[in-house]
Amino acid sequence: MSDGTVSGESTTIRLSTEGADLLSLAGAGDTNLAELQKLFPVRVTLRADAMVISGATEQVEKAAAVAARMIDQAKLRQTMDPDDVLRFSMEGPVREGVAPGRFVLPGARKVIQPKTQGQGEYMQQMLDNEIVIGIGPAGTGKTYLAVAAAVDALARKRVKRIVLARPAVEAGESLGFLPGDMQAKVDPYLRPLYDALDDLMPPERVVRALETRVIEIAPLAYMRGRTLADAFVILDEAQNATNAQMKMFLTRLGLNSRAVITGDKTQIDLPRREDSGLLQIERILPGIEGVAFHYFTEVDVVRHRLVREIVKAYAADAGA
């Protein structure tokens, strides 16, 4: 709810903050409000029941659109920082049909909610489709949200197990020089999957699930010859799966299984780029019912804001 008054070329808009967490909205030391004023040359005042924005009409209207996103986020009791405010300004108005879904995981450290519109669409696609392919740059939450969806499905007994896989591709370094047996050699490739699980489940539950093979983390090559039924299966770093490996993975799916495939086309470590199975399925799978593609952009980067700028710089260099 808002009301506005216009005087000449100046405008004042008042946005209701009823139901919003004012501390989350303002940020520590009012840094979120400061970021909003930095992005748009307006005056922002936060009161007990409203946010008041004053200034030039065009700038106030732009700032109000971002402020509305901030208030919606604060109503969800989700933490917010200046980088979120910047991201809201880059995304523009909320697209119709994008619901702020979330995963409430038993024993988890936090409620998992989308921080961008793109993440919200991705989460919805994982609920609506049997196979989802998430493609985009680092830091967009592709893998983390996929693991969250898998843990949520397991907690709700929609599946009986989780299988997480990654291709073990040598990115300019030789596995042969690493110490230990084969498991010790491939574990560094699988570490990001362990890290995601550790953040989404209590440590003792992760250990128990791994011991009982309710959760399995393995190199992609170990999937050959298996049928994965009643499972939520994730293939991470899929840009480094070959065409043959990707076909093998997709044909492992059994009854009541779901798969999420994540990858970044700018980080292909295979000797020949055209051998990437991710590039092949991007060509041949669109249009199949039950298969959805989601593309992340630098706007969806939720790490440090410099990561977003770095992603943009590399994209610009590639297109030069």
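What counts and how
- Residues numbered from 1 in each chain as written.
- Predicted model: local features only at pLDDT ≥ 70, side-chain atom pairs only at ≥ 80, totals over all residues.
- Heavy atoms only, no water.
- Pairing = 2+ DSSP bridges.
- Helix = DSSP H or I, 4+ residues; strand = E, 2+ residues; numbered from the N terminus.
- Axes fitted to C-alpha atoms, helices over the stretch in contact; angles between N-to-C directions.
- Contact = heavy atoms within 4.5 Å.
- Buried < 20%, exposed > 50% of the residue type's maximum accessible area, 1.4 Å probe, protein only.
- Phe/Tyr/Trp six-rings, centres within 6.5 Å; stacked < 30°, edge-to-face > 60°.
- Polar contact = N/O pair within 3.5 Å; in protein donor to acceptor, adjacent residues only side chain to side chain.
- Lys, Arg positive; Asp, Glu negative; His and termini not counted.
- Salt bridge = Lys/Arg side-chain N within 4 Å of Asp/Glu carboxyl O.
- pLDDT = per-residue confidence, 0-100.
- Core = buried A, V, L, I, M, F, W, Y, C linked by side-chain atoms within 4.5 Å.

Engineer: Describe the sheet that holds strand E5 (residues 131-135), listing the residues and the values that go with them.
Structural biologist: Spatially, the six strands line up as an open sheet ordered E7-E6-E8-E9-E5-E10, and their pairing is parallel. Each of the sheet's edge strands pairs with one partner strand only, and the pair in question is strand E7 (215-219) and strand E10 (291-295). Recorded for the sheet is a direction-independent mean angle of 15° between the axes of neighbouring strands. In terms of strand pairing, E5 meets E10 through five bridges, oriented parallel. Residue pairing in the sheet places Ile135 in a bridge with Tyr295 of E10. Running at roughly 120° to E5, helix H10 (residues 277-284) makes contact with E5, strand E9 (258-263) and E10 of the sheet.

Engineer: Go over unusual backbone geometry with me, naming the residues and quoting the values.
Structural biologist: Peptide bonds are trans in most cases, and residues, glycine excluded, mostly fall at negative phi. Residue Lys157 is not a glycine yet carries a positive backbone phi of 60°. Taking the relative accessible area as the measure of exposure, Lys157 reaches 74% and is therefore exposed. The phi angle at Asp230 is positive, at roughly 50°, despite the residue not being glycine. Within the fold, Asp230 resides in the loop between E7 and strand E8 (231-235). Taking relative accessible area as the criterion, Asp230 reaches 24% and is therefore assigned partly exposed.

Engineer: Which residues make up the packing of aromatic side chains, and what values go with them?
Structural biologist: Evaluation of the coordinates by the stated rule reveals two aromatic pairs. Ring geometry for Tyr122 versus Phe296: centroids 4.9 Å apart, planes at 75°, classification edge-to-face. Linking Tyr122 in helix H5 (residues 117-128) with Phe296 in the loop between E10 and helix H11 (305-319), this pair joins segments that are 174 residues apart in sequence. Overall, Phe296 belongs to the buried group, its relative accessible area being 6%. Plain terms: the ring middles of Phe293 and Tyr295 are 6.4 Å apart, the flat faces sit at 15° to each other, and that makes the pair stacked.

Engineer: Requested: an account of the side chain of Gln125, with residues and values cited.
Structural biologist: With respect to the helices and strands, the residue Gln125 is situated in helix H5. There is a polar contact of 3.3 Å between the side chain of Gln125 and the backbone oxygen of Phe293. Setting aside residues up to four positions removed in sequence, Gln125 forms contacts with Val132, Ala292, Phe293 and His294.

Engineer: Explain the side chain of Arg252 residue by residue, including any values.
Structural biologist: Secondary-structure assignment places Arg252 in the loop between helix H9 (243-250) and E9. Despite its burial, Arg252 pairs with no opposite charge, the nearest such side chain being Glu216 at 12 Å. Polar side-chain contacts of Arg252 include one of 2.7 Å to the backbone oxygen of Met248. Setting aside chain neighbours within four positions, we find Arg252 in contact with Met223, Gly225, Arg226, Thr227 and Leu228.

Engineer: How would you summarise the confidence of the model for the protein chain if you had to cite specific residues and measurements?
Structural biologist: Residues of the protein chain with pLDDT of at least 70 account for 83%, and the chain-wide mean is 83. Mean pLDDT values over the elements of the protein chain span from 52, in strand E1 (residues 2-7), up to 97, in E5. Low confidence marks residues 170-175, where pLDDT is under 50. Its contacts with residues over four positions away, or in another chain, come to six contacts.

Engineer: I'd like to hear about the nonpolar core, residue by residue, with values.
Structural biologist: Counting residues in hydrophobic clusters, the biggest one holds 34 residues, and the most contacted among them are Met126 and Leu197. What Met126 contacts, discounting residues up to four positions off in sequence, is Val132, Leu145, Ala146, Ala149, Arg258 and Val260. Among the nonpolar cores identified, the runner-up in size contains 25 residues, and Leu228, Ala231, Val233 and Phe249 belong to it.

Engineer: Any details on the pattern of salt bridges? Residues and values, ideally.
Structural biologist: Following the criterion strictly, the structure yields 12 salt bridges and no others. Of the charged contacts in the structure, one is a salt bridge between Glu237 and Arg166, with a shortest N-O distance of 3.3 Å. Here the residue Glu237 occupies a position in the loop between E8 and H9, and Arg166 occupies one in strand E6 (residues 161-166), the gap between them amounting to 71 residues. By relative accessible area, which is 12% here, Arg166 ends up buried. A salt bridge links Glu216 to Arg213, with the nearest nitrogen and oxygen atoms 3.1 Å apart.

Engineer: Just give me the short version of the pairing of E8, but keep the residues and values in it.
Structural biologist: If a strand is regular, its side chains alternate between the two faces of the sheet. In terms of burial, E8 is largely enclosed, as five of its five residues are buried. Residue alternation in E8 divides its side chains into two sets, Ala231, Val233 and Leu235 and Phe232 and Ile234, and both sets are buried. By the bridge criterion, five bridges tie E6 to E8 in an arrangement that is parallel. Bridge pairing in E8 places Val163 opposite Val233. With four bridges connecting them, E8 and E9 associate as parallel partners. Residue pairing across strands places Phe232 opposite Arg258, the latter belonging to E9.

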